[in-house]
Amino acid sequence: MYILEGKDLFVKFRTRRGETIALDNVSLGISDNESITVLGESGSGKTTLSLVLAGAQKPNKGEVLYNGKNVYKLKGKEYKEFRRSVQYIMQNPYSSFNPFKTISKSFRTVISQYKLARGEEMDKLIDEYLKMVNLDPPIKDKYPHQLSGGQLQRASLARALLLKPKIIFADEIVSMLDASLRVEIIDLLKRIKEENKISVILITHDIGIAKYFSEDYGRIVVMYKGKIIEEGLAYEIIKSPKNEYTKSLMESYLDPFR
Ligand SMILES: Nc1ncnc2c1ncn2[C@@H]1O[C@H](COP(=O)(O)OP(=O)(O)O)[C@@H](O)[C@H]1O
Ligand SMILES: [Mg+2]
């Protein structure tokens, strides 16, 4: 039984230049405490798929079920619980924080919204979660632009974790960071997944990142032109891809660790 499941998802965008089919009958189920990497070149539909699954983009056809219920029909308490349980971290951390609020203020907004703590307990909670992502608590008095991209991406992870989510979508979260920081953030993501027993869906166009995150036994889902063209265990997909496109993708990749 999946906690979150997209069935036959179809998404079409109309623009001045015509129509784009961003998702073409895609189905994907996410189990408890699972890690999945969605791999594909830019424009293949990864972000659309993750937004649809996270309840942020209603598909033209198909449905998304959270514990068996259609997420686009959830109301009241059930909707709130879904919003809390499924978190989304975007590529650009500077756009996911209000530039006029300190980190502490941003965290407090979430804490009060979900009544997670009050008064002095708020500060304790903020410090606890900053430490969890290896940030120094005094950082909370700074504004987003005073932090580096890596620090701010850690902070967005901490803010998501505050809500004790069951699923975290991480959409190209390291692609804006220097190569030296990428491994650190992916390591952090892996540790957090293990410690908190959550499902993490990492979305990336980078095979190196996909490989590093999935290790051997994680699941990789390969997307191409709005479709899932191959999926399976990381080592099988990397060593012996079946699909022609996946093959060419793997052949074009030079393993820097080899
Ligand atoms: N809001 C939108 N309006 C119009 N076209 C869009 C929109 N979002 C995505 N697309 C198009 O849908 C396709 C898939 O995009 P996206 O899901 O962002 O892919 P990826 O994340 O893999 O780069 C692309 O062709 C993109 O241009
Ligand atoms: Mg994208």
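The structure reproduced in this document is the subject of the present report. These numbers were taken from a predicted model, which means no experiment stands behind them. The numbering scheme is per chain: residues are counted from 1 as the chain's sequence reads. Chains carry letters from A onward and ligands carry numbers from 1 onward, assigned in written order. For this predicted model, a pLDDT threshold of at least 70 governs which residues receive local features, and a threshold of 80 or more governs which side-chain atom pairs are given and counted, while totals over whole chains, interfaces and linings are taken from all residues. The basis for the side-chain values is all heavy atoms of the structure; hydrogens and waters are excluded.

## Things to note about the overall build of the chain
Each helix is a run of DSSP H or I of at least 4 residues and each strand a run of E of at least 2, with the numbering of both proceeding from the N terminus. Regarding its fold elements, the chain presents 10 helices and 10 strands. Taking the principal axes of the C-alpha coordinates as reference, the chain spans close to 55 × 45 × 40 Å. For the chain, the computed accessible surface area is about 13400 Å², with 50% contributed by carbon and sulfur atoms. When charges are counted, neither His nor the chain ends are considered; positive counts come from Lys and Arg and negative counts from Asp and Glu. A single reference atom marks each charge: NZ on Lys, CZ on Arg, CG on Asp, CD on Glu. Distance between charge centres in the chain, computed from 41 positive and 33 negative side chains, equals 7 Å. Working definition of accessibility: Shrake-Rupley area with a 1.4 Å probe, residue cover restricted to the visible protein chains.

## What to know about the sheet that holds strand β4 (residues 61-66)
Strand pairing follows a simple DSSP-based rule, namely that at least 2 bridges must link the two strands. Overall, antiparallel pairing links the 4 strands, which are arranged β2-β1-β4-β5 in an open sheet. Edge positions in the open sheet fall to β2 (18-30) and β5 (69-70), since each of these has one partner strand only. Residue contacts are defined here by distance: any two heavy atoms, one from each residue, within 4.5 Å place the two residues in contact. The axes used here are C-alpha line fits, helices contributing only the stretch in contact, and every angle between their N-to-C directions lies in the interval 0 to 180 degrees. Contacting β1 (4-15), β2 and β4, helix α1 (residues 46-53) runs over the sheet at an angle of about 125° to β1.

## Observations regarding the environment of Lys61
Assignment of secondary structure puts Lys61 in strand β4. If sequence neighbours within four positions are ignored, Lys61 has contacts with Asp8, Leu9 and Phe10.

## Considering the site of ligand 1
Proximity is defined per residue: any heavy atom of the residue falling within 4 Å of a molecule or strand makes that residue near it. Taken together, the residues surrounding ligand 1 are Phe13, Thr15, Thr20, Ala22, Glu41, Ser42, Gly43, Ser44, Gly45, Lys46, Thr47 and Thr48. The separation between an oxygen atom of ligand 1 and a polar main-chain atom of Gly45 is 3.1 Å. The protein chains hide 62% of the 560 Å² of surface that ligand 1 would expose on its own. Contributions of two or more residues to the shell around ligand 1 are made by β1, β2 and α1. Considering each element in turn, the shell around ligand 1 owes the most residues, 3 residues, to α1. Only Asp, Glu, Lys and Arg are considered charged in this grouping, and only Ala, Val, Leu, Ile, Met, Phe, Trp, Tyr, Cys and Pro are considered nonpolar; every other residue, Gly among them, is considered polar. For the shell around ligand 1, the class distribution of residues is 2 nonpolar, 8 polar and 2 charged. The term polar contact refers here to a pair of N or O atoms within 3.5 Å; inside protein, the definition further demands a hydrogen-donor-capable atom paired with an acceptor-capable atom, and it admits residues adjacent in sequence only when both atoms are side-chain atoms.

## Observations concerning the packing of aromatic side chains
For Phe, Tyr and Trp, where Trp contributes only its six-membered ring, two rings pair if their centres lie within 6.5 Å, and the inter-plane angle classes them as stacked under 30 degrees, edge-to-face over 60, or tilted in between. Scanning the entire structure with this criterion turns up 4 aromatic pairs. Seen from their ring centres, Tyr88 and Phe169 are 6.0 Å apart, and the 25° between their planes marks the pair as stacked. In this pair, Tyr88 is assigned in strand β6 (residues 86-89) and Phe169 in strand β7 (residues 167-171), connecting sequence segments 81 residues apart. With a relative accessible area of 0%, Phe169 lands in the buried category. With a centroid separation of 4.1 Å and an interplanar angle of 25°, the aromatic rings of Tyr224 and Tyr245 are classed as stacked. Highlighted residues: Tyr224 in strand β9 (residues 219-224) and Tyr245 in helix α10 (residues 244-251), separated in sequence by 21 residues. Any residue under 20% of the maximum accessible area for its type is buried, any over 50% is exposed, and the rest in between are partly exposed; the area is computed with a 1.4 Å probe on protein chains only.

## Overview of the nonpolar core
Throughout, nonpolar core names a set of buried Ala, Val, Leu, Ile, Met, Phe, Trp, Tyr and Cys residues whose side chains join them through atoms within 4.5 Å. Counting residues in each nonpolar core, the largest one holds 38 residues, and the members touching the most others are Phe107, Val133, Leu157, Leu161, Ile173, Leu189 and Leu202. When sequence neighbours within four positions are dropped, the list of residues in contact with Phe107 reads Phe97, Ile126, Leu130, Ala155, Ala158, Arg159 and Leu162. Within the second largest apolar cluster, 27 residues are counted, among which are Ile3, Val11, Phe82 and Met223.

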